[in-house]
Amino acid sequence: GKPGSRKVKIGDNTQDFLSALYFLRTKELKVGESFIINLNDREKNYEIEVKILRKESVKVPAGRFSAYVAEVKVRRVRKKKPGTTLTVWLSADARKLPLLIKAGTKIGPLEASLISYGGR
């Protein structure tokens, strides 16, 4: 490896952040259900707990959608220390488009929304 880099053991079915989003899109979502995704970000392993809270209508620059609202809790696996909590809106259709993401950060709230998409 590169100087200063180290090897990190990862478990089966571990995702990076982007592949975790795609993995989430393959799941059949139901209100009240929750599941765990193992995630690796560079040299750290995390567990992400995803809980589907409700369905609601949401308006973003790309339009108005029926959406699943998911609470995503990020926590360290080894230290079991609670981390960031995100709220994610996914379109309630086969595409499960990420429509809106909200998070609290140390410097204030963060929000990202879908502006447009192809393949309508």
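Residues numbered from 1 in each chain as written. Predicted model: local features only at pLDDT ≥ 70, side-chain atom pairs only at ≥ 80, totals over all residues. Heavy atoms only, no water.

## Structural notes on the overall build of the protein
From N to C terminus, the protein includes one helix and seven strands. Residues classed as buried in the protein amount to 28% of the 120 residues present. A separation of at least 24 residues holds for 36% of the contacts in the protein among residues at least 6 apart in sequence. By element, 52% of the accessible surface of the protein is carried by carbon and sulfur atoms, the whole surface being about 8,500 Å². (Helix = DSSP H or I, 4+ residues; strand = E, 2+ residues; numbered from the N terminus. Buried < 20%, exposed > 50% of the residue type's maximum accessible area, 1.4 Å probe, protein only. Contact = heavy atoms within 4.5 Å. Areas by Shrake-Rupley, 256 points an atom, 1.4 Å probe, with all protein chains shown as cover.)

## Some thoughts on the packing of aromatic side chains
Here the distance between the centres and the angle between the planes together describe a pair of aromatic rings. Evaluated as defined, the whole model comprises one aromatic pair. Between Phe 65 and Tyr 117, the ring centres sit 6.0 Å apart and the planes meet at 55 degrees, which makes this aromatic pair tilted. Placement of Phe 65 in strand 4 (residues 63-76) and of Tyr 117 in the segment after strand 7 (108-113) is noted, with a sequence separation of 52 residues between them. Exposure remark for Phe 65: the relative accessible area of 9% places this residue in the buried category. (Phe/Tyr/Trp six-rings, centres within 6.5 Å; stacked < 30°, edge-to-face > 60°.)

## Quick word on the pattern of salt bridges
Counted by the stated rule, this structure contains four salt bridges. Across the pair Asp 93 and Arg 95 runs a salt bridge whose closest N-O atoms are separated by 2.5 Å. The partner of Lys 102 in a salt bridge is Glu 111, and the shortest N-O contact between them spans 3.9 Å. Residue classification places Lys 102 among the partly exposed residues on the basis of a relative accessible area of 35%. Of the residues examined, Glu 111 reaches a relative accessible area of 54% and is grouped as exposed. (Salt bridge = Lys/Arg side-chain N within 4 Å of Asp/Glu carboxyl O.)

## Observations concerning unusual backbone geometry
Positive phi outside glycine occurs at Lys 96, with the angle close to 50 degrees. The buried category is assigned to Lys 96, whose relative accessible area is 11%.

## Re the confidence of the model for the protein
Parts of the model with low pLDDT should not have their predicted coordinates read in detail. A residue-level look at the protein finds 72% of positions with pLDDT of 70 or above and a mean pLDDT of 80. The spread of mean pLDDT over the elements of the protein runs between strand 1 (residues 14-15), the lowest at 56, and strand 3 (residues 44-60), the highest at 91. (pLDDT = per-residue confidence, 0-100.)

## Brief notes about the side chain of Ser 91
Along the polypeptide, Ser 91 turns up in strand 5 (residues 82-91). Within the structure, Ser 91 has its side chain in polar contact with the side chain of Asp 93 (distance 2.8 Å). One polar contact links the side chain of Ser 91 to the main-chain amide nitrogen of Leu 97, over a distance of 2.7 Å. Dropping the residues within four chain positions of it, Ser 91 is found in contact with Phe 65, Ser 66, Ala 67, Tyr 68, Lys 96, Leu 97 and Leu 99. (Polar contact = N/O pair within 3.5 Å; in protein donor to acceptor, adjacent residues only side chain to side chain.)

## Side note on the nonpolar core
One finds Leu 29 and Val 50 to be the most contacted residues of the largest nonpolar core, which totals 17 residues. Every element with two or more residues in this core is listed here: helix 1 (17-26), strand 2 (34-41), strand 3, strand 4 and strand 5. At four residues, strand 3 tops the list of elements feeding residues into this core. Once you skip the residues sitting within four places of it in the chain, Leu 29 turns out to touch Leu 24, Phe 35, Ile 52, Tyr 68, Leu 90 and Lys 96. Counting residues in hydrophobic clusters, the runner-up holds eleven residues, among them Val 60, Ala 67, Leu 97 and Leu 99. (Core = buried A, V, L, I, M, F, W, Y, C linked by side-chain atoms within 4.5 Å.)

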